[in-house]
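Summary of the model geometry
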Amino acid sequence: MMNFNIFNIVDTLNSIRKDSMREYHFPKQEPHMGVDSFKWGDNIDKTVESFLSKRPHCYQLLETQRIKNTQKPKIQYEIINAAFIIELSSEIEKVMEAFTPQIIGPTENVDMGGFFIFNEHNKFKAEMFDQLHKILIHFLKVGKEIYDLIMAQDYYGAIARYRMLIEVYSIFSFFTNHPACLERFRDQSIAKQHFFNKRNKAPINEELESKFQELKERYTANEINNMNLNYWWAGEYILNHKSIKEIMEIALHSKEELDFFLKDYNFYSEYSHVSSYVVNSPTNFNLDYFRDLTMRLIDMHFCILQLYVGWLLDKSFMQNSPLQDIISILKKLREKIVGYKEPEMTIQEMIEQQFGKHDDRPEYSKAAMKAKEKDTDE
């Protein structure tokens, strides 16, 4: 995708904060400037409406980059909103990438202090964020591919890629709950590249081989061999390292979301393989089904962007910077487009958001339950 700046995000965020400031007067104290929450809320609403007004522009922009098709899909509302979130996501990703060095430091050896979630992994923080960023980029790429396939009315291809989108979304969400596994994710990528090069007799890559030798010092031979399993990196959190379904059980945010994806996941899988069903299936698709699929695609973009921005800023010195307003804008846009309204937070949830939780998120995977039973028995 080409680089555009339709939403002018940095200037917009600065303007929201600047226009929300007012002078506060207290007895026997010098007046000071602070954010007026009412003006801030009003400015967020105005920004949301301004962004929404650019939906047709996003649609036309993506149309100029796509191979033209003589027919147009009959799901214009969903398509226009999909074009909108794809372009907005691209611009938000670029803004966050530009500020990431300031937030976490340029190298893994920088002391990045306040990230409570990474206390035991200080030297790996920068690489953790780098791995998560790469997963986000892959998600946005697949989302754009699905959009293009639907626009070309290649519905078989769209369903096949939608399966991939669910997997990337689930893996991303899993890592925001278990960031330490990102180190294993990175290590597995090194091992797999080594195995691939060896199998295909590729020229020796000295840097890669040096990293692989380091892995052999940190992991047993059995662990190295098991890195061929797709989800080895999830470690003790799952039992079956060949299937993503336990990852989904841990990662997805609600029972309704989990039930929806698990119900249709096997159906999506048909389109990723040479299936007898696909070869013989009719070419006429129910457009209502693709309306729903497209809206799910849009909603996943909203969710993953909120996770990424929130996770990147969490406990950092930029947590209360204008970048934080991206999350508020995304929540409002999600409500306007998808119809999902964030539930009101309880006092306890507000305290946890401000100071962090004191207990771990409950696990729902079979592996986690088994581990808990073992601890109880002992």
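Notes on the structure follow. (Residues numbered from 1 in each chain as written. Predicted model: local features only at pLDDT ≥ 70, side-chain atom pairs only at ≥ 80, totals over all residues. Heavy atoms only, no water.)

1. Some remarks on the overall build of the chain
Per the secondary structure count, the chain includes 16 helices and two strands. Taken over 378 residues, the chain has a buried fraction of 45%. Sequence separation of at least 24 residues holds for 72% of the intrachain contacts in the chain that already meet a minimum separation of 6. For the chain, the computed accessible surface area is about 20,800 Å², with 53% contributed by carbon and sulfur atoms. (Helix = DSSP H or I, 4+ residues; strand = E, 2+ residues; numbered from the N terminus. Buried < 20%, exposed > 50% of the residue type's maximum accessible area, 1.4 Å probe, protein only. Contact = heavy atoms within 4.5 Å. Areas by Shrake-Rupley, 256 points an atom, 1.4 Å probe, with all protein chains shown as cover.)

2. Digging into a nonpolar patch on the surface
On the surface, a cluster of nonpolar side chains totalling about 240 Å² of accessible area is made up of Met21, Met33 and Val35. Examined against the element boundaries, Val35 turns out to sit in strand β2 (residues 32–35). (Patch = residues over 30% accessible without salt bridge, like charges linked within 9 Å, V, L, I, M, F, W, Y side chains within 5 Å. Salt bridge = Lys/Arg side-chain N within 4 Å of Asp/Glu carboxyl O.)

3. Re the packing of helix α4 (residues 76–104) against helix α14 (residues 325–337)
Running from amino to carboxyl end, α4 crosses α14 at an angle of 175 degrees, the nearest separation of the two axes being 13 Å. When the axes of α4 and α14 are compared, the pair comes out roughly antiparallel. In this structure, α4 contributes Tyr77, Asn81, Phe84, Leu88, Ile92 and Met96 to the contact, and α14 contributes Ile326, Leu330, Leu333, Lys336 and Ile337. Here the residues of the contact of α4 with α14 sort into nine nonpolar, one polar and one charged. (Axes fitted to C-alpha atoms, helices over the stretch in contact; angles between N-to-C directions. Parallel < 35°, antiparallel > 145°, perpendicular 65-115°, else oblique. Nonpolar A, V, L, I, M, F, W, Y, C, P; charged D, E, K, R; others polar.)

4. Quick word on the packing of aromatic side chains
Across all of its chains, the model carries 17 aromatic pairs by this definition. Here Tyr289 and Phe290 contribute two aromatic rings whose centre-to-centre distance is 5.8 Å and whose plane-to-plane angle is 80 degrees, an arrangement assigned as edge-to-face. Here Tyr289 falls in the partly exposed class, since its relative accessible area comes to 26%. One aromatic cluster is present, built from ring pairs that chain together Phe174, Phe175, Phe185, Tyr231, Trp233 and Tyr237. Here the basic side chain of Arg184 rests over the ring of Trp232, its NZ or CZ set 3.8 Å away from the ring centre. (Phe/Tyr/Trp six-rings, centres within 6.5 Å; stacked < 30°, edge-to-face > 60°. Lys NZ or Arg CZ within 6 Å of the ring centre and 35° of its normal.)

5. Description of helix α8 (residues 206–218)
For α8, with 13 residues, the first-to-last C-alpha span of 19 Å sits near the 18 Å given by 1.5 Å per residue. Turning to α8, its buried residues are Leu208, Phe212 and Leu215. Taken down its axis, α8 places every buried residue within 50 degrees of arc, on the same side. Looking at α8, the residues exposed on the side facing more than 90 degrees away from the buried face are Glu206, Glu207 and Glu217. Its buried side turned inward, α8 meets α7 (181–199) and α9 (221–226). Here α8 starts with a cap whose side-chain oxygen sits 3.1 Å from the backbone nitrogen of Glu207, and that cap is Asn205. (Expected span 1.5 Å × (residues − 1). Arc of directions from axis to C-beta. Polar contact = N/O pair within 3.5 Å; in protein donor to acceptor, adjacent residues only side chain to side chain.)

6. Things to note about helix α1 (residues 9–19)
Every buried residue of α1 is listed here: Ile9, Thr12, Leu13, Ile16 and Arg17. Seen along its axis, α1 keeps its buried residues to an arc of 130 degrees; they face one direction. Residues of α1 that are buried sit in contact with β1 (21–24), α2 (37–52), α4 and α14.

7. With respect to unusual backbone geometry
Within the chain, Asn8 stands out as a residue other than glycine whose phi angle is a positive 45 degrees. Among the secondary structure elements, Asn8 is positioned in the segment before α1. Here Lys201, not a glycine, exhibits a phi torsion of approximately 55 degrees, which is positive. Tracing the backbone through its elements, the reader meets Lys201 in the loop between α7 and α8. Judged by its relative accessible area of 76%, Lys201 falls in the exposed class.

8. A few points about the environment of Asn8
The class of Asn8 is partly exposed, set by a relative accessible area of 31%. For the pair Asn8 and Val95, spaced 87 residues apart in sequence, the C-alpha to C-alpha distance is 9.7 Å. Polar side-chain contacts of Asn8 include one of 3.4 Å to the side chain of Asp11.

9. Topic: the nonpolar core
Leu88, Met96 and Tyr162 are the most contacted members of the largest nonpolar core, which has 104 residues in total. For this core, the leading source of residues is helix α13 (residues 287–313), giving 15 residues. Apart from the residues lying within four places of it in its own chain, the contact partners of Tyr162 are Ile146, Phe261, Tyr268, Leu293, Arg296, Leu297 and Met300. (Core = buried A, V, L, I, M, F, W, Y, C linked by side-chain atoms within 4.5 Å.)

10. Details of the packing of helix α5 (residues 125–151) against helix α6 (residues 155–177)
One can describe the packing of α5 onto α6 by two numbers: an axis separation of 9 Å at closest approach and a directional angle of 160 degrees. The pairing of α5 with α6 is recorded here as roughly antiparallel in orientation. With respect to the hand of their crossing, α5 and α6 are arranged in left-handed fashion. Looking at the contact of α5 with α6 residue by residue, the classes come out as 18 nonpolar, four polar and two charged. (Left-handed = near helix turned anticlockwise from the far one by under 90°.)

11. Some words on the pattern of salt bridges
Applying the stated criterion across every chain, the model contains 17 salt bridges. In this structure, Asp325 and Arg17 form a salt bridge, with 2.9 Å as the shortest nitrogen-oxygen distance. Of this pair, Asp325 sits in helix α14 while Arg17 sits in helix α1, and the two are 308 residues apart along the sequence. Look at Asp325 and you get buried, because its relative accessible area is 2%. Arg218 serves as the salt-bridge partner of Asp187, at 2.7 Å between the closest nitrogen and oxygen. Pair noted here: Asp187 is in helix α7 and Arg218 is in helix α8, with a separation of 31 residues, a long-range link. A relative accessible area of 0% means that Asp187 is categorised as buried. What makes Arg218 partly exposed here is its relative accessible area of 41%. Sharing partners across several salt bridges, the network here consists of Glu183, Arg186, Asp187 and Arg218.

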